[in-house]
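An overview of the molecular structure
Residue strings, one per chain:
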Amino acid sequence: MLHTGEVTVQRRAGVQAENWGSANARPNIPEVAAGFLTAQRMLVIGTAGPDGRVWAGPLTGPAGFARASGSQTVMIDALPGTHDPLSGVFDGGHDIGMLAIEPKTRRRMRINGRARREGNGLIVTTDQVYANCPKYLQTREIADEPALSTAATYRRAALGPEHREWIEKADTFFVATHAEGLGSDLSHRGGNPGFIQVVDERRLVWPDYVGNSMYMTLGNLQLSPAAGLLFLDWTTGDALHLTGRARVDWDPGDVPGAQRLVEFDVDEVIQVGGASPLRWTFGNYSRFNPQLRNQ
């Protein structure tokens, strides 16, 4: 299906290829993708809730908790946690954007489709399955010891000082978008710490670096500004969920490496202590990360 939002963004960005992006993604799960999926211990998912707000959240389990079953079905032995903003959203059939990511090898695979709860897990019917390049992925490995969190779980309307510090130190976050009738999408964003600017308690700005020119995230934002962000604490397993509205500023100013900027206005903040049992150890930054002005 032609995604008018993607086409609009691609044309503005100077991309002339036809059927690039959603229109070129296939629903079938290749054998190599099925093998990759089975090896993963974490997925990140995203979609719009009943009120239209978009959220992103993690799913974790042992290797094999997510696996292909046939050419267009993924079985996941996990559900969003009790405090996760996506809890209960998939009790009936619902759009889903999903990212399987392996920081150790800088590999990632995206799956968009429909999900429904069955028992204590999800069944996903795939519409789009495709791999992404390794750019802007920092390497990390799962440690033998589990994450130990002492953080509180709460909701608030704006970012607090502790969230500002968290975000300004982040080298990775995840962004969920949704376009009515075209589905949901979940993508990764990475850079050197400080690449995300916290303007104030209600606004973030980050650079949009050169990528695969599919513009699936920006294409959805072209049609609907609703977006959800997920920041993970890779050591404690804590999660910071943000929902709000994003828009593209096509003038990147003097931000190194930026082709444009994305401005995000916060509508709600949810902090979940111990959202993930996984503790990750840091390896190194991507060689593709642009140097920041103060580095």
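Data block above holds the structure.
The following refers to the structure shown. (Residues numbered from 1 in each chain as written. Predicted model: local features only at pLDDT ≥ 70, side-chain atom pairs only at ≥ 80, totals over all residues. Heavy atoms only, no water.)

1. Quick look at the pattern of salt bridges
Within this structure, the stated rule accounts for 20 salt bridges. Residue R156 pairs with E162 through a salt bridge whose shortest N-O separation is 3.6 Å. By relative accessible area, R156 is classed as partly exposed at 34%. Residue classification places E162 among the partly exposed positions, given a relative accessible area of 33%. Residues E168 and R164 are paired through a salt bridge, measuring 3.4 Å at the closest nitrogen-oxygen approach. Of this pair, E168 and R164 both sit in helix α3 (residues 161-169), separated by 4 residues, roughly a single helical turn. Residue classification places E168 among the partly exposed positions, given a relative accessible area of 35%. Judged by its relative accessible area of 31%, R164 is partly exposed. (Salt bridge = Lys/Arg side-chain N within 4 Å of Asp/Glu carboxyl O. Buried < 20%, exposed > 50% of the residue type's maximum accessible area, 1.4 Å probe, protein only. Helix = DSSP H or I, 4+ residues; strand = E, 2+ residues; numbered from the N terminus.)

2. A look at the packing of aromatic side chains
Counted by the stated rule, this structure contains 7 aromatic pairs. Here W234 and W280 contribute two aromatic rings whose centre-to-centre distance is 5.4 Å and whose plane-to-plane angle is 85 degrees, an arrangement assigned as edge-to-face. With W234 in the loop between β14 (226-232) and β15 (239-249) and W280 in strand β17 (residues 280-282), this pair connects stretches of sequence that are 46 residues apart. W280 matches W234 in its accessibility class, with the two residues each being buried. With a centroid separation of 4.7 Å and 55 degrees between ring planes, the pair formed by F282 and Y285 is classed as tilted. Residue F282 is classed as partly exposed on the basis of its relative accessible area of 38%. Residue classification places Y285 among the partly exposed positions, given a relative accessible area of 38%. Every member of this aromatic cluster is reached through a ring pair, and the members are F173, F195, W206, F231 and F264. (Phe/Tyr/Trp six-rings, centres within 6.5 Å; stacked < 30°, edge-to-face > 60°.)

3. Looking at the nonpolar core
Within the largest apolar cluster, 30 residues are counted, with the highest numbers of intra-cluster contacts made by I167, I196, L204, L229, F231, L242 and F264. Counting only elements with at least two residues in this core, the list comes to α3, β10 (172-179), β13 (203-208), α4 (216-223), β14, β15 and β16 (260-272). Ignoring any residue separated from it by four or fewer positions in sequence, one finds L229 in contact with A56, F173, F174, V175, L204, W206, L240, H241, L242 and F264. A33, I45, L59 and A115 belong to the second-largest nonpolar core, a separate cluster that totals 27 residues. (Core = buried A, V, L, I, M, F, W, Y, C linked by side-chain atoms within 4.5 Å. Contact = heavy atoms within 4.5 Å.)

4. Some words on α3
Taken as a whole, α3 has its buried residues at H163, W166 and I167. Relative to the axis of α3, the buried residues are bounded by an arc of 90 degrees and lie together on one face. The exposed set on the far side of α3, more than 90 degrees from its buried face, consists of P161 and K169. Summarising the contacts, the buried residues of α3 are in contact with β9 (154-156), β12 (197-200), β13, β14, β15 and β16. (Arc of directions from axis to C-beta.)

5. Points about the sheet that holds strand β5 (residues 94-102)
Read across the sheet, 7 strands follow the order β2-β1-β5-β6-β7-β4-β3 without closing on themselves; strand pairing throughout is antiparallel. Looking at strand neighbours, the two that pair on one side only are β2 (54-60) and β3 (66-68), the edges of this open sheet. Sheet twist, expressed as the mean angle between neighbouring strand axes with direction ignored, is 30 degrees. Taken together, the 4 bridges between strand β1 (residues 42-48) and β5 define a ladder with antiparallel strand orientation. Each residue of the ladder has a partner; that of V44, found in β5, is L99. (Pairing = 2+ DSSP bridges. Axes fitted to C-alpha atoms, helices over the stretch in contact; angles between N-to-C directions.)

6. Remarks on unusual backbone geometry
When glycine is set aside, most residues are seen to have a negative phi, and most peptide bonds are trans. In this structure, R106 takes a positive phi of about 60 degrees despite not being glycine. Of note in this structure, Y136 is not a glycine but carries a positive phi near 65 degrees. For Y136, a relative accessible area of 11% translates into the label buried.

7. Looking at helix α2 (residues 31-39)
Within the span of α2, buried status applies to A33, F36 and L37. Each buried residue of α2 lies within a common arc of 100 degrees when the element is viewed along its axis, so the set occupies one face. The exposed set on the far side of α2, more than 90 degrees from its buried face, consists of E31 and V32. In the core, the buried residues of α2 are packed alongside β1, β3, β4 (73-76), β5 and β6 (107-118).

8. What about empty space enclosed by the protein?
Rolling a probe over the atoms, with the probe sized like a water molecule, indicates the empty space that remains. Per the counting criterion, the structure on display carries 4 cavities of 30 Å³ or more. S187, R189, Y209, G211 and N212 are, among the 22 residues lining the largest cavity, the residues nearest its centre. Mapped by element, the contributors of at least two residues to the lining of the largest cavity are β6, β11 (183-190), β13 and α4. Counting residues per element, the lining of the largest cavity draws most heavily on β11, which supplies 4 residues. Its residues placed into classes, the lining of the largest cavity shows 10 nonpolar, 8 polar and 4 charged. Around the second largest cavity, the lining residues are H3, E6, S22, N112, Q128, L182, G183, S184, D185, M216 and N220. For the lining of the second largest cavity, the secondary-structure elements that each account for two or more residues are β11 and α4. Here the lining of the second largest cavity gets 3 residues from one element, more than from any other, and that element is β11. Counted by class, the lining of the second largest cavity contains 2 nonpolar, 7 polar and 2 charged residues. (1 Å grid on protein atoms, 1.4 Å probe; cavity = no way out; pocket = protein on both sides within 12 Å on 5 of 7 lines; lining within 4 Å. Points joined across faces, edges and corners; volume = space filled by probe spheres on them. Nonpolar A, V, L, I, M, F, W, Y, C, P; charged D, E, K, R; others polar.)

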